[in-house]
2 protein chains.
Amino acid sequence: MQKVDPIARAKLLTMNILITNDDGVHAEGLIFLKAELDKIGRVFVVAPDRPRSACGHSITLHKPLRAEKVALRDGSVGYASNGTPSDCVSLGLLGMIEEPIDVVVSGINHGPNLGWDLTYSGTVSAAMEAAIMGVRAFAISVTSYAPRLDYGPAARFAAALAQMLAEHDMPESTLLNVNVPDLPPSQIKGVVVTRQGKRRYSGQLEKRTDPMGRDYYWLGGDQPTDSLEEGTDVYAISEGWVSVTPVHLDLTAYSSIDEVRSWGIQGIRVE
Amino acid sequence: MQKVDPIARAKLLTMNILITNDDGVHAEGLIFLKAELDKIGRVFVVAPDRPRSACGHSITLHKPLRAEKVALRDGSVGYASNGTPSDCVSLGLLGMIEEPIDVVVSGINHGPNLGWDLTYSGTVSAAMEAAIMGVRAFAISVTSYAPRLDYGPAARFAAALAQMLAEHDMPESTLLNVNVPDLPPSQIKGVVVTRQGKRRYSGQLEKRTDPMGRDYYWLGGDQPTDSLEEGTDVYAISEGWVSVTPVHLDLTAYSSIDEVRSWGIQGIRVE
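If you're wondering where the values come from, they're calculated on a predicted model, not measured in any experiment.

Observations concerning the overall build of chain A
For step 1, the next point in the chain: Tallying secondary structure elements over chain A gives 7 helices and 13 strands in all.
For step 2, the next point in the chain: Computed over C-alpha atoms, the radius of gyration of chain A comes to 20 Å, within 12% of the 18 Å expected from 2.2 N^0.38 for 271 residues, which places it in the range of a compact globule.
For step 3, the next point in the chain: Each principal axis of the C-alpha atoms in chain A carries an extent, and together these give about 65 × 50 × 45 Å.
For step 4, the next point in the chain: Looking at chain A as a whole, 55% of its 271 residues are labelled buried.
For step 5, the next point in the chain: Sequence-distant contacts in chain A: of pairs separated by 6 or more residues, those separated by 24 or more amount to 77%.

Put into structure tokens, the structure is as follows:
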């Protein structure tokens, strides 16, 4: 972990960190994360009261948000909300937590957030919400669905990264998306800054009939196929590196603007 | 509307179009859209059974999806699903509709999908899902929350654009995000291909107490402030143009990669 000089360290201990996730307030990944962040700052927890995986960047506008104080697994007190991860960040940054928040950390997610999956991710969307509000933020995930994981390496990396973030300005509306391979620390090769890769799904739909004779469907499919281009998050993870991708909210396909113009779209008459 | 030669027209009438939205299967915008698309192809409707605004790119993995046949407002039959807009696209493309779909159109949304709002948008996420599956798609919105809108100009533009899409290859995992100003056709200046702009929110949280003495919160805030840079979607709409933005799923902040590397992230020891 990076060394911090004594003055910087004193400053860091006054740092206020908000953590949330999409696996729910009682998830193991959040507790491991909190244990490490407790060493470098004051940690506030506002997280969903139940798992919210694959919720995307949902926000709750049409019903009231609740946030109940709950005892966390480490004995401290946090907030469990009926909202989405993004709502939890709004609650934390817009006044429910009275202290000003310096850094938002979302995770540690149980499972990867790589490639095209980012747009589905509740974990990443929470960090997006913080970035929109101008607060430094990152999402962090361990890239395995195994029932039991060692969150230690990811949690210690998160603490080092939070310290680093506190000392640097983030570019506007930008956040970091971190993925940590599920390997013992001695087998993790290091850290690499990456770009987002591609994942291909061969999505499948399974039709079944319920006891009342009505059809229903399950969405599923095989494991995604990653396009393992060097320099991408999916490649880094496949090679045993921690991947850090700077992510922003500009979805413009700049390289396609001229092509789409060339179709003659701008000549369509609106009538 | 663009002219189509007779051979192309015959081909277009064999085009299969899937429409969905996030305002629900009975929303007026969807019916106006269908009426125009019916003129150029065979239209299938799979849409949420209730409004799903601000649902982001949610997908339903943990419960079964239902899709009931319902009578639409125009007397035809469509599917109403308990899933999100993205789920509706999966249902339509993965086999519930037996015909192969050529183009997916999501909308017409009641209200804008501009700037940073894209990541929250159920309308846009439906088109994203189609793009991930390799199907040409666009999202279309009228940029007003007025209770009654004239969806005619947007619906006619959608038909022209669907014809154009059918004749061009879309770049990989790219979709179009269309916004139409709420103006009479004579006051719409034309069509412009744009980049995504920025919207700033001064988010607000209002705390209230329920009759049982428990706190709850409403998320809200003032109208967003658009950063009116020329060339952006928000600028185009403010000037009375139809805005078409090519959007992709690569969220990498390429311009920040070097900066983030310069912090020394790659030197953090993972332990």
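Quick word on the relation of the copies chain B and chain A
For step 1, the next point in the chain: Screw-axis analysis of chain B against chain A gives a translation of 0.0 Å along the axis, an RMSD of 0.0 Å, and a rotation angle of 180°. The superposition of one copy onto the other is thereby described by a two-fold rotation axis.
For step 2, the next point in the chain: Taken together, the interface assignments show that 100% of the residues at the interface of chain B recur at the interface of chain A, consistent with an identical surface on both copies.

Let's talk about the interface of chain B and chain A
By a frequent convention, interface size equals the accessible area lost on bringing the separate parts together.
For step 1, the next point in the chain: Taken together, the contact between chain B and chain A spans 78 residues of the former and 78 residues of the latter.
For step 2, the next point in the chain: If you list the elements that add at least two residues to the side of chain B that touches chain A, you get α3 (85-93), α4 (122-132), α5 (152-166), β8 (191-193), β10 (203-209), β11 (215-221), β13 (242-248) and α7 (257-262) of chain B.
For step 3, the next point in the chain: Looking at the side of chain B that touches chain A residue by residue, the classes come out as 48 nonpolar, 21 polar and 9 charged.

Focus on the packing of helix α2 (residues 28-37) of chain B against α5 of chain B
Residues and elements named next belong to chain B.
For step 1, the next point in the chain: Packing of α2 against α5 brings their axes to within 8 Å, and their N-to-C directions diverge by 45°. When the interaxial angle is binned, α2 and α5 end up oblique. Seen along the crossing, α2 lies across α5 with a hand that is right-handed. Together, Phe32, Leu33, Ala35, Glu36 and Leu37 of α2 and Gly152, Ala155, Arg156, Ala158, Ala159 and Ala162 of α5 make up the contact between the two elements.
For step 2, the next point in the chain: A breakdown of the residues in the contact of α2 with α5 according to their chemical character gives 8 nonpolar, 1 polar and 2 charged.

Quick word on the packing of helix α3 (residues 85-93) of chain A against helix α4 (residues 122-132) of chain A
Residues and elements named next belong to chain A.
For step 1, the next point in the chain: At a closest axis distance of 7 Å, the pairing of α3 and α4 adopts a crossing angle of 30°. Viewed along their axes, α3 and α4 adopt a mutual orientation that is roughly parallel. Seen from above, α3 lies across α4 with right-handed handedness. Of the residues in α4, those touching α3 at Pro85, Ser86, Cys88, Val89, Ser90 and Leu93 are Gly122, Thr123, Ser125, Ala126, Glu129 and Ala130.
For step 2, the next point in the chain: Across the contact of α3 with α4, the residue classes break down as 6 nonpolar, 5 polar and 1 charged.

Describing the pairing of strand β5 (residues 103-110) of chain B
Residue and element names in this part refer to chain B.
For step 1, the next point in the chain: Burial analysis of β5 places 8 of its 8 residues in the buried class, the great majority of the element.
For step 2, the next point in the chain: With 4 bridges connecting them, strand β1 (residues 16-20) and β5 associate as parallel partners. The residue of β5 that forms the bridge with Thr20 is Ser106.
For step 3, the next point in the chain: Here β5 pairs with strand β6 (residues 136-142) via 6 bridges, running parallel. By the bridge assignment, Val104 is partnered in β6 with Ala137.
For step 4, the next point in the chain: Handedness of the β-α-β unit built from β5, α4 and β6 comes out right-handed.

So, the sheet that holds β6 of chain B
Residue and element names in this part refer to chain B.
For step 1, the next point in the chain: Across the sheet, which stays open at both edges, the 9 strands sit in the order β3-β4-β2-β1-β5-β6-β7-β13-β8 with mixed pairing between neighbours. At either margin of the open sheet sits one strand with a lone partner, and together these are β3 (67-71) and β8. Across the sheet, the mean angle separating the axes of adjacent strands is 25° when strand polarity is ignored.
For step 2, the next point in the chain: Pairing between strand β7 (residues 174-180) and β13: 6 bridges, direction antiparallel. When the bridges of β13 are listed, Asn179 appears paired with Ser243.

Considering the sheet that holds strand β6 (residues 136-142) of chain A
Residues and elements named next belong to chain A.
For step 1, the next point in the chain: If you trace the 9 strands from one edge of the open sheet to the other, you get β3-β4-β2-β1-β5-β6-β7-β13-β8, paired in mixed fashion. Each edge of the sheet is formed by a strand with only one pairing partner; in this case those strands are β3 (67-71) and β8 (191-193). Across this sheet, the average inter-strand angle for adjacent strands is 25°, counted without regard to direction.
For step 2, the next point in the chain: Sheet topology note: the β6/strand β7 (residues 174-180) ladder contains 5 bridges and is parallel. Bridge pairing in β7 links Ala139 to Asn177.
For step 3, the next point in the chain: In the packing of helix α2 (residues 28-37) onto the sheet, contacts are made with β1 (16-20), β2 (42-48) and β5 (103-110), and the angle to β5 comes to roughly 140°.

Remarks on unusual backbone geometry
For step 1, the next point in the chain: Cis geometry marks the peptide bond from Gly107 of chain A to Ile108 of chain A; its omega dihedral reads -5°.
For step 2, the next point in the chain: If you trace the backbone, Ile108 of chain A turns up in strand β5.
For step 3, the next point in the chain: At Ser173 of chain B, a residue that is not glycine, the phi angle is positive and equals roughly 50°.
For step 4, the next point in the chain: Position of Ser173 of chain B among the secondary structure elements: in the loop between α5 and β7.
For step 5, the next point in the chain: Residue classification places Ser173 of chain B among the partly exposed positions, given that 18 C-beta atoms sit within 10 Å.

What to know about the confidence of the model for chain A
The predicted coordinates of low-pLDDT regions are not to be read in fine detail.
For step 1, the next point in the chain: In this model, chain A carries an average pLDDT of 90, and 91% of its residues clear a pLDDT of 70 or more.
For step 2, the next point in the chain: Scoring the predicted complex yields pTM 0.89 and, for the interface, ipTM 0.89.

A word on α2 of chain A
For step 1, the next point in the chain: For α2 of chain A, the tally of buried residues reaches 8 of 10 residues, placing the bulk of the element in the interior.
For step 2, the next point in the chain: Those residues of α2 of chain A lying buried are Gly29, Leu30, Ile31, Phe32, Leu33, Lys34, Glu36 and Leu37 of chain A.

Description of the pairing of β5 of chain A
For step 1, the next point in the chain: Bridge count between β5 of chain A and β6 of chain A: 7 bridges; the pairing is parallel. Within β6 of chain A, the residue paired with Val103 of chain A across the bridge is Arg136 of chain A.

A short note on the environment of Asp22 of chain A
For step 1, the next point in the chain: Within the secondary structure, Asp22 of chain A sits in the loop between β1 and α2.
For step 2, the next point in the chain: When the 31 C-beta atoms within 10 Å are taken as the criterion, Asp22 of chain A is described as buried.

About the thresholds
- Residues numbered from 1 in each chain as written.
- Chains lettered and ligands numbered in written order.
- Predicted model: local features only at pLDDT ≥ 70, side-chain atom pairs only at ≥ 80, totals over all residues.
- Helix = DSSP H or I, 4+ residues; strand = E, 2+ residues; numbered from the N terminus.
- Rg over C-alpha atoms; globule rule 2.2 N^0.38 Å.
- Buried ≥ 20, exposed ≤ 12 C-beta atoms within 10 Å, placed from the backbone.
- Contact = placed C-beta atoms within 7 Å.
- Least-squares fit on C-alpha atoms with pLDDT ≥ 70 in both.
- Nonpolar A, V, L, I, M, F, W, Y, C, P; charged D, E, K, R; others polar.
- Axes fitted to C-alpha atoms, helices over the stretch in contact; angles between N-to-C directions.
- Parallel < 35°, antiparallel > 145°, perpendicular 65-115°, else oblique.
- Left-handed = near helix turned anticlockwise from the far one by under 90°.
- Pairing = 2+ DSSP bridges.
- Right-handed = clockwise from strand over helix to strand, strands pointing away.
- pLDDT = per-residue confidence, 0-100.

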